[in-house]
Number of protein chains: 2
Amino acid sequence: MVFHTIPTETALLKTIQKGIIRLCLGLIEIERGLAMESKFAKLDNYDQKILALLQQDARMSHAEIGRQIHLSQPSVSERIKRLESTNVIRGYHADINPDAFGYQMTAMIRLSTQQGRPYADFVSQQAEIIDCYTVTGEDGAVMRVLATDVAHLQRLIDKLNRFGSTSTAIVLTTHVSGKAVSMPQA
Amino acid sequence: MVFHTIPTETALLKTIQKGIIRLCLGLIEIERGLAMESKFAKLDNYDQKILALLQQDARMSHAEIGRQIHLSQPSVSERIKRLESTNVIRGYHADINPDAFGYQMTAMIRLSTQQGRPYADFVSQQAEIIDCYTVTGEDGAVMRVLATDVAHLQRLIDKLNRFGSTSTAIVLTTHVSGKAVSMPQA
DNA sequence: TCTGAAAATCTAGTCTG
DNA sequence: CAGACTAGATTTTCAGA
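Residues numbered from 1 in each chain as written. Chains lettered and ligands numbered in written order. Predicted model: local features only at pLDDT ≥ 70, side-chain atom pairs only at ≥ 80, totals over all residues. Heavy atoms only, no water.

Per an unreviewed UniProt entry, the recorded name for chain A is Lrp/AsnC family transcriptional regulator, and the organism is Sapientia aquatica.

Enquirer: Would you mind going over the overall build of chain A with me for this structure?
Expert: A count of helical and extended segments in chain A gives 6 helices and 5 strands. Shown N-terminal to C-terminal, the secondary structure of chain A runs as helices and strands in the order α-α-α-α-β-β-α-β-β-α-β. For chain A, with 186 residues in total, the buried portion stands at 39%. Counting contacts in chain A only where the partners sit at least 6 residues apart, residues at least 24 apart contribute 62% of the total. (Helix = DSSP H or I, 4+ residues; strand = E, 2+ residues; numbered from the N terminus. Buried < 20%, exposed > 50% of the residue type's maximum accessible area, 1.4 Å probe, protein only. Contact = heavy atoms within 4.5 Å.)

Enquirer: Mind showing me how you'd approach the relation of the copies chain A and chain B here?
Expert: Both copies of the chain are related by a screw-like operation: a rotation about an axis and a shift along it. Each copy superposes on the other: chain A lies on chain B with an RMSD of 0.0 Å after a rotation of 180 degrees and an axial shift of 0.0 Å. What the rotation and shift describe, once combined, is the action of a two-fold rotation axis. Residue H93 of chain A of chain A places its C-alpha closer to the rotation axis than any other residue of that unit, at 2.7 Å. The residues that chain A uses at the interface reappear at the interface of chain B in 100% of cases, marking a shared surface. (Least-squares fit on C-alpha atoms with pLDDT ≥ 70 in both.)

Enquirer: What exactly am I supposed to notice about the interface of chain A and chain B here?
Expert: Many authors give the size of an interface as the accessible area that is lost as the parts come together. With 77 residues of chain A in contact, the opposing surface of chain B contributes 77 residues. Note on chain A versus chain B: buried area summed over both sides is about 7000 Å², and carbon and sulfur give 55% of it. Summed over the three residues of chain A that lose the most area to chain B, namely R59, F101 and Y133 of chain A, the buried surface amounts to 11% of that side. Across the contact surface, chain A and chain B share 2 salt bridges. (Buried area = accessible area lost by both parts, 1.4 Å probe. Salt bridge = Lys/Arg side-chain N within 4 Å of Asp/Glu carboxyl O.)

Enquirer: So what exactly am I meant to see when it comes to the state of the cysteines here?
Expert: Chemically, a disulfide is nothing more than a covalent bond linking the sulfur atoms of two cysteines. Tallying each qualifying case throughout the model produces 0 disulfides over all chains. Take C132 of chain A: it sits in no disulfide, and the sulfur closest to it among the cysteines is that of C132 of chain B, at 20 Å. Classification of C132 of chain B as buried rests on a relative accessible area of 0%. (Disulfide = S-S within 2.5 Å.)

Enquirer: Help me understand the sheet that holds strand β4 (residues 141–147) of chain A, please; the structure alone is not making it clear to me.
Expert: Each strand in a sheet pairs with its neighbour through backbone hydrogen bonds, running either in the same direction (parallel) or in the opposite one (antiparallel). With antiparallel pairing, the 8 strands of this closed barrel are ordered in space as β2(A)-β4(A)-β3(A)-β5(B)-β2(B)-β4(B)-β3(B)-β5(A). Taken over all neighbouring pairs, the strand axes of this sheet differ in orientation by 35 degrees on average, direction set aside. Summarising the sheet, strand β2 (residues 105–113) of chain A and β4 of chain A pair through 7 bridges and their orientation is antiparallel. For M105 of chain A, the partnering residue across the bridge sits in β4 of chain A and is A147 of chain A. In the packing of helix α6 (residues 150–161) of chain B onto the sheet, contacts are made with β2 (105–113), β3 (129–135), β4 (141–147) and β5 (164–176) of chain B, and the angle to β5 of chain B comes to roughly 140 degrees. (Pairing = 2+ DSSP bridges. Axes fitted to C-alpha atoms, helices over the stretch in contact; angles between N-to-C directions.)

Enquirer: I tried to follow empty space enclosed by the protein on my own but got confused; where do I start?
Expert: Using a probe with the size of a water molecule, rolled over the atoms, empty space left in the structure can be pinpointed. On inspection of all chains with the given rule, the structure shows 2 cavities of 30 Å³ or more. Put simply, the largest cavity is a space of about 70 Å³. In terms of lining residues, the largest cavity is bounded by M108, D131, Y133, M143 and R144 of chain A together with M108, D131, Y133, V142, M143 and R144 of chain B. Top element by residues in the lining of the largest cavity is β4 of chain B. It accounts for 3 residues. A class-by-class count of the residues in the lining of the largest cavity yields 7 nonpolar, no polar and 4 charged. (1 Å grid on protein atoms, 1.4 Å probe; cavity = no way out; pocket = protein on both sides within 12 Å on 5 of 7 lines; lining within 4 Å. Points joined across faces, edges and corners; volume = space filled by probe spheres on them. Nonpolar A, V, L, I, M, F, W, Y, C, P; charged D, E, K, R; others polar.)

Enquirer: What should I look at first to understand the pairing of β4 of chain B in this one?
Expert: A regular strand places its side chains on the two faces of the sheet in alternate fashion. Residues and elements named next belong to chain B. Along β4, 7 of the 7 residues are buried, which leaves the element largely enclosed by surrounding structure. Covered by surrounding structure in β4 are A141, M143, V145 and A147 together with V142, R144 and L146, the residues of both alternating faces. Relative to β4, β3 runs antiparallel, the two sharing 5 bridges. Residue pairing for β4: I129 is matched across the bridge by V145. Connecting β3 to the next strand, β4, in antiparallel fashion are 5 residues, including G137 with a positive phi near 95 degrees.

Shown next as structure tokens:
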């Protein structure tokens, strides 16, 4: 066996060079990921259209989506699979009319809570509390609740008052609820 | 032909009686419809389970639902069809991660609006406004908005200030969002 | 409850920018 | 070379008997 030292060195250098380039590209990627618009890959036009359609009707078939956006069914399926696995699509949910359960009113309740009171458990267990956010400012939490009638709402408020003082506004009109998420406007 | 006045009168009375009873029952029905839990037929246990499953996963097949609640696929299909046609199920929607569109923050904006300013159109056209409710009290409207960054949020608020004065709270934590609707608790 | 027609999804293998 | 397409195989879905 013969050793060719010179060629080996060149090869080694080349390998190192390649490695450095790859490393730099990687760092740029990471920096982008941290500084830019989140960890998500950019959504192209097709992705956006797919997401728009699935937000409108989650049960639409991949073939039908393909027909509407001029893409083949396998392409659509592949994209949807990617969107699901990267958590862009978080799930598919039926939208149920609260009236069907006898809920005749909706209210927004703001809860000004003392530090350290654990209302989170209560909130997740109470069927009537549909949304709950912790926010900046005076009101520690804002929630949207369903109630069958005024008495029911009163009972809910009483329960919440254990955690702090509340302020309730009854919903008169719902202009939009759960509008489809789409690209930010200018 | 022979006239039996007495029997005819009795028959007439009977008919009137029946009519009155029917009328009363009808009125009771109507009263119930107005006073009780809305115009919706009562949901039995199976319906409730079906709704729970479809809220969890809108793409679940009827057969799979049947398997989980011990009901045949045709029964499930029939029930779902009924729930859809009576508007108990209003639709099926994909739940999209706002981060994927670059939205890095959510805010609750309260808008105290002067009477008669038509913000409804603006609200429905602005992609960033996801929910918007008219409520009782000082704040005429409460909305949930998405923003890519603080500057973006500022631009939104500026636009909204055309309609009245606003008060903004930035969402720090989302405890629950769009919890499945289910029967009211005791 | 069972069964068959229709549809939806998956799997290749191929092609193009 | 990633991503799109066609076509065929396979599985699912749903509705009527």
